Amino acid sequence: MFFNTPSWSILKSFFYKDWLIHKQSLKDNSINYGILWPMTFGFSFTVLRKNIFFASSQDAYFGSMILVGSIIVPMMVVAYFVTFDLMFDLESRKHILFQTSIIHPRWVLLQKLVFATCYTFCICMLFFPAAKLFLGNHFIIQHQSWLQLSLFMLLATFAMCAIQQTCAAMLTINKLDNYWIRFNAVLMNMGGTFITTSPLLTAPFVGRLLFLNPVLHMTEGIRGILYSGHTSITVFTCCIYLLVIAIVSILIGWHVFKKRVDHL
């Protein structure tokens, strides 16, 4: 079996190495994005802005629905932080070339993707208990399906990390500014992060473009689990789409990485 082979031992060593590199940043990012972000952003949307901008809304869940969509920000930032080690390594140290000389490059990229997913998931899952503890009754959840939410968040972070890792294999340092403005920011702002965009799905052209945005499926899936009757896409559809996006991203990443390092 694969788990008893030398390749598995090597992958475990690579995973442990990544853990040692990011161990300190896990603590800092957990505080910044897992605790402080839902506290500050949650207070803004569920307490302050609820009575200013959403006062006319009859939906008691509206401010909380916006808050849970904002989890895309820490998810995207943390996933970028971990996966783009690949790009910086390819631009300078090229340590990954040593790793790929020991084990097949695809296994190396998968190991890095699994680590990035675990790292991002652990930080992002702090979001919900931190928001609930700090905001109390201001953070309203209609259905507390924690197991379903955890499984969906694992899939969402896997898809997000797969997308970011593929982009890391494509880009160079001098293209990072445009990458955030033209790609990440567009996905984030058009994916229901700060406002529910699902009603626009019925628009002929805009609706099709929005449906292709994987971030929209992340926010719609989370809101579909926590709030019934507030989404236009079913949770099942979101799961299938994110799984397809993750697989396609992985395949593209393998192809791009092969061309970039010219491995056999």
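To be clear, the structure that these remarks concern was listed above.
Below is a summary of the structure that appears in this document.

About the thresholds
Residues numbered from 1 in each chain as written. Predicted model: local features only at pLDDT ≥ 70, side-chain atom pairs only at ≥ 80, totals over all residues. Heavy atoms only, no water. 1 Å grid on protein atoms, 1.4 Å probe; cavity = no way out; pocket = protein on both sides within 12 Å on 5 of 7 lines; lining within 4 Å. Points joined across faces, edges and corners; volume = space filled by probe spheres on them. Helix = DSSP H or I, 4+ residues; strand = E, 2+ residues; numbered from the N terminus. Nonpolar A, V, L, I, M, F, W, Y, C, P; charged D, E, K, R; others polar. Buried < 20%, exposed > 50% of the residue type's maximum accessible area, 1.4 Å probe, protein only. Polar contact = N/O pair within 3.5 Å; in protein donor to acceptor, adjacent residues only side chain to side chain. Expected span 1.5 Å × (residues − 1). Core = buried A, V, L, I, M, F, W, Y, C linked by side-chain atoms within 4.5 Å. Contact = heavy atoms within 4.5 Å. Salt bridge = Lys/Arg side-chain N within 4 Å of Asp/Glu carboxyl O.

### Some remarks on the layout of surface pockets
Looking at the largest pocket, its volume works out to about 260 Å³. Along the walls of the largest pocket sit 17 residues, with Lys17, Asp18, Asp85, Leu86 and Lys112 positioned nearest its centre. Elements supplying a minimum of two residues to the lining of the largest pocket: helix 1 (6-52), helix 3 (72-83), helix 4 (85-91), helix 5 (95-102) and helix 6 (105-124). The element best represented in the lining of the largest pocket is helix 1, accounting for four residues. Across the lining of the largest pocket, the residue classes break down as six nonpolar, five polar and six charged. Of the voids in this model, the second largest pocket is the one considered here, and its volume is about 190 Å³. Every residue lining the second largest pocket is listed: Ile163, Thr166, Cys167, Met170, Phe183, Leu187, Leu212, Pro214, Ile245, Val248, Ser249 and Ile252. Where the lining of the second largest pocket is concerned, the elements lending two or more residues are helix 8 (146-170), helix 9 (176-189) and helix 12 (235-261). Of the residues belonging to the lining of the second largest pocket, the class tally is 10 nonpolar, two polar and no charged.

### Remarks on the environment of lysine 132
Assignment of secondary structure puts lysine 132 in helix 7 (residues 127-135). Classification of lysine 132 by relative accessible area gives partly exposed; the value is 30%. In this structure the side chain of lysine 132 is engaged in a polar contact, spanning 2.8 Å, whose partner is the backbone oxygen of phenylalanine 139.

### Side note on empty space enclosed by the protein
Rolled over the atoms, a probe sized like a water molecule indicates the empty space that remains. Under the counting rule described, the total for this entry stands at one cavity of 30 Å³ or more. Approximately 70 Å³ is the volume attributed to the largest cavity. Taken together, Leu86, Leu109, Leu110, Leu113, Ala162, Gln165, Thr166, Ala169, Ser249, Ile250, Gly253 and Trp254 form the lining of the largest cavity. Of all the secondary structure elements, the ones that give two or more residues to the lining of the largest cavity are helix 6, helix 8 and helix 12. Its residues assigned to classes, the lining of the largest cavity comprises eight nonpolar, four polar and no charged.

### Digging into helix 11 (residues 214-226)
In an α-helix, one full turn covers 3.6 residues, which means residues spaced three or four apart are oriented alike. Between its first and last C-alpha atoms helix 11 spans 19 Å; for 13 residues at 1.5 Å apiece the expected length is 18 Å, and the two agree. Counting buried positions over the 13 residues of helix 11 gives 12, a clear majority of the element. For helix 11, every residue scored as buried is listed here: Pro214, Val215, Leu216, His217, Met218, Thr219, Glu220, Gly221, Ile222, Arg223, Ile225 and Leu226. The opening residue of helix 11, the one whose side-chain oxygen lies 3.0 Å from the backbone nitrogen of valine 215, is asparagine 213.

### Considerations on the nonpolar core
The nonpolar side chains of a soluble globular protein tend to be buried with one another. Judged by nonpolar contacts, the single largest core of 80 residues is most densely connected at Phe84, Phe128, Met153, Ile222 and Leu226. Among the elements that line this core, the one with the most residues is helix 8, at 13 residues. The residues contacting isoleucine 222, other than those within four sequence positions of it, are Val68, Ile71, Phe128, Leu149, Phe152 and Met153.

### Describing the pattern of salt bridges
Under the definition given, this model contains three salt bridges. Across the pair aspartate 18 and lysine 17 runs a salt bridge whose closest N-O atoms are separated by 4.0 Å. A relative accessible area of 26% places lysine 17 in the partly exposed class. Close ionic contact of lysine 112 with aspartate 18 constitutes a salt bridge, the shortest N to O distance being 3.9 Å. Taken as a pair, lysine 112 in helix 6 and aspartate 18 in helix 1 lie far apart in primary sequence, 94 residues in all. We note that lysine 112, like aspartate 18, is buried. Each member of the salt-bridge network shares a partner with another, and the members are Lys17, Asp18 and Lys112.

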